[in-house]
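# Analysis of the macromolecular model
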Amino acid sequence: MSSRSTLRRIPPTRAALRAATPALQRFNGVATRAELAEQGFTASQLRAQLAAHRWHRVGRAIVLHNATPTTAQLHRICLLNCGPHAVLTSFTAAQEWGLRGWDRAEVHVLAPRTVTRPPIPGLRLHQVGRWGSAEVVAGRRLHALAPSLVVAASSFERVRSACGIFAAAVQQRLLRPAELRAALSAAPRTRHRAALLRVVGDIEQGADALTEIDFVRLCRRYGLPRPTQQAVRVTRGGRRRYLDAEWCLADGRIVAVEVDGAHHIAASQWSADQLRQNEIVLGGTLVLRFPAVVVREEPWVVAEQLRRALGPSDLPAVRPS
């Protein structure tokens, strides 16, 4: 059978179930020819199982049934076909480590550069020149979490998503920011590396001071009026709220901006932010929110929305720089 049989959505036949002898249970449904030989299966017995379609072959892997492989079996099929040094990496490894919300259908595998990509649907092969530099977990065929996140982040076209997966992993308490910084230091050619280092700094130290500086620079760069920073609002109940930036316009309107650092993705912080914003809006202030990564990496998006909110027609048009 072809490798496309891995995509079929069918259960095993009764004949395939009868062929699942106890001696093969240790392989969890996928084995190599050598492993089967160690269990006493001859080449002719293997050919008979394949010819009867009770088993099927996917490259170097023998699937010991004729149903759709499970996720774990598909991982092993991909690893066996990418050589003895191959490990799960990127989104697949992150999922194995427990990262939630960033699952991908493809199986991401890291292997030495000498490995040729096998024709397996859904396999994404990542290659590294110096295999000794790859951080792998002993005995698990699994890339360490921090470098696997670096691989995943570098696959994004947009820097927002690249920074988002870093922030999510820290927020879910799977690793410390220092581990991400070390992984980036070991991968100097990583895509979005400068932005990723900055977001790690945000997570480590809080983004408030850095965000304020970036935002003032943005206003100056695009010819927008300088805002009042850390403006105070007293909301219902007498609570004092501080806004990152505020403009009091000639027509009486008030426009405010809140810039969210990486820590704002936490569920508790996100809920508090929404309620805080509602109180300020109910007080008559127009509030715009921007992620800190957008302020730094896509400032023209922020400037264009601010220009529309502030309203004066004599402000210059904003174009990507």
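As the structure is a computational prediction, the values presented were derived from the model and not from experiment.

### Topic: the nonpolar core
In terms of nonpolar packing, the biggest core is built from 49 residues, with Leu149, Ile165, Phe166, Phe215, Trp247, Val257 and Leu306 touching the most fellow members. Tallying contributions element by element places helix 7 (residues 159–171) first for this core, with eight residues. Contacts of Val257, omitting those with residues within four sequence positions, involve Phe215, Leu243, Asp244, Ala245, Trp247, Leu288, Phe290 and Leu306. The next biggest cluster of nonpolar side chains, apart from the first, holds 20 residues, and it includes Leu80, Ala86, Leu88 and Leu123.

### Side note on the sheet that holds strand 2 (residues 56–58)
Spatially, three strands are ordered 1-3-2 in an open sheet, and the strand pairing comes out antiparallel. A strand with exactly one partner marks an edge of an open sheet, and here the two such strands are strand 1 (30–31) and strand 2. Where strand 1 lies against strand 3 (residues 61–63), two bridges are found, and the strand directions are antiparallel. Bridging from a neighbouring strand, Val30 pairs with Val63 of strand 3.

### Digging into helix 6 (residues 145–153)
Of all nine residues making up helix 6, nine are buried, and the element is well covered by its neighbours. Turning to helix 6, its buried residues number three or more, namely Leu145, Ala146, Pro147, Ser148, Leu149, Val150, Val151, Ala152 and Ala153.

### Brief notes about the pattern of salt bridges
When the charged atoms of two side chains lie near each other, side chains of opposite charge can form a pair. Following the criterion strictly, the structure yields eight salt bridges and no others. Note that Glu157 is salt-bridged to Arg191, the shortest N-O span being 2.9 Å. Placement of the pair is Glu157 in the loop between helix 6 and helix 7 and Arg191 in the loop between helix 8 (177–185) and helix 9 (193–205), with a sequence separation of 34 residues. Residue classification places Glu157 among the exposed residues on the basis of a relative accessible area of 64%. On the basis of relative accessibility, which here comes to 34%, the residue Arg191 falls in the partly exposed class.

### Quick look at the side chain of Glu258
Along the chain, Glu258 falls in strand 11 (residues 254–260). When near neighbours in sequence (up to four residues on either side) are disregarded, Glu258 contacts Tyr242, Leu243, Asp244, Arg276, Val287, Leu288, Arg289 and Phe290.

### A short note on the layout of surface pockets
Taken as a whole, the largest pocket holds about 710 Å³ of empty space. Forming the boundary of the largest pocket are 22 residues, of which Val128, Val151, Ala186, Ala187 and Thr190 lie nearest the centre. Broken down by secondary-structure element, the contributors of at least two residues to the lining of the largest pocket are strand 6 (123–128) and helix 6. Partitioning the lining of the largest pocket into residue classes produces 10 nonpolar, seven polar and five charged.

### Regarding the packing of helix 6 against helix 8
Taken N-terminus to C-terminus, the directions of helix 6 and helix 8 make an angle of 60°; their axes are 8 Å apart at the nearest point. For helix 6 against helix 8, the interelement crossing comes out right-handed. Residues Ala146, Pro147, Leu149 and Val150 of helix 6 lie in contact with helix 8, whose contacting residues are Glu179, Leu180, Ala183 and Leu184. Of the residues that constitute the contact of helix 6 with helix 8, the class distribution is seven nonpolar, no polar and one charged.

### Regarding the environment of Cys219
Relative to the elements of secondary structure, Cys219 occurs in helix 10 (residues 208–221). Residues Cys219 and Leu306, spaced 87 residues apart in sequence, show a C-alpha to C-alpha distance of 9.2 Å. Not counting residues within four places of it along the chain, the set of residues in contact with Cys219 comprises Leu224, Pro225, Pro227 and Trp247.

### With respect to the packing of aromatic side chains
Tallied over the entire structure, the rule returns four aromatic pairs. Look at Phe41 and Trp55: their rings are 5.6 Å apart centre to centre, the planes differ by 50°, and that puts the pair in the tilted class. Of the two residues, Phe41 is situated in the loop between helix 2 (33–38) and helix 3 (43–51) and Trp55 in the loop between helix 3 and strand 2; the sequence distance between them amounts to 14 residues. Since its relative accessible area comes to 18%, Phe41 is described here as buried. Arg104 extends its terminal NZ or CZ atom over the ring of Phe91, reaching a point 4.3 Å from the ring centre. One residue, Arg140, lies across the ring of Trp97, its end atom 5.4 Å from the ring centre.

### What to know about the confidence of the model for the chain
Of all residues in the chain, 82% have pLDDT values of 70 or greater, and the mean over the chain is 83. Below a pLDDT of 50 lies the segment residues 1–8, which in the model reaches 22 contacts outside its immediate sequence neighbourhood of four places, other chains included.

Reading the values: the criteria
- Residues numbered from 1 in each chain as written.
- Predicted model: local features only at pLDDT ≥ 70, side-chain atom pairs only at ≥ 80, totals over all residues.
- Heavy atoms only, no water.
- Core = buried A, V, L, I, M, F, W, Y, C linked by side-chain atoms within 4.5 Å.
- Buried < 20%, exposed > 50% of the residue type's maximum accessible area, 1.4 Å probe, protein only.
- Helix = DSSP H or I, 4+ residues; strand = E, 2+ residues; numbered from the N terminus.
- Contact = heavy atoms within 4.5 Å.
- Pairing = 2+ DSSP bridges.
- Salt bridge = Lys/Arg side-chain N within 4 Å of Asp/Glu carboxyl O.
- 1 Å grid on protein atoms, 1.4 Å probe; cavity = no way out; pocket = protein on both sides within 12 Å on 5 of 7 lines; lining within 4 Å.
- Points joined across faces, edges and corners; volume = space filled by probe spheres on them.
- Nonpolar A, V, L, I, M, F, W, Y, C, P; charged D, E, K, R; others polar.
- Axes fitted to C-alpha atoms, helices over the stretch in contact; angles between N-to-C directions.
- Left-handed = near helix turned anticlockwise from the far one by under 90°.
- Phe/Tyr/Trp six-rings, centres within 6.5 Å; stacked < 30°, edge-to-face > 60°.
- Lys NZ or Arg CZ within 6 Å of the ring centre and 35° of its normal.
- pLDDT = per-residue confidence, 0-100.

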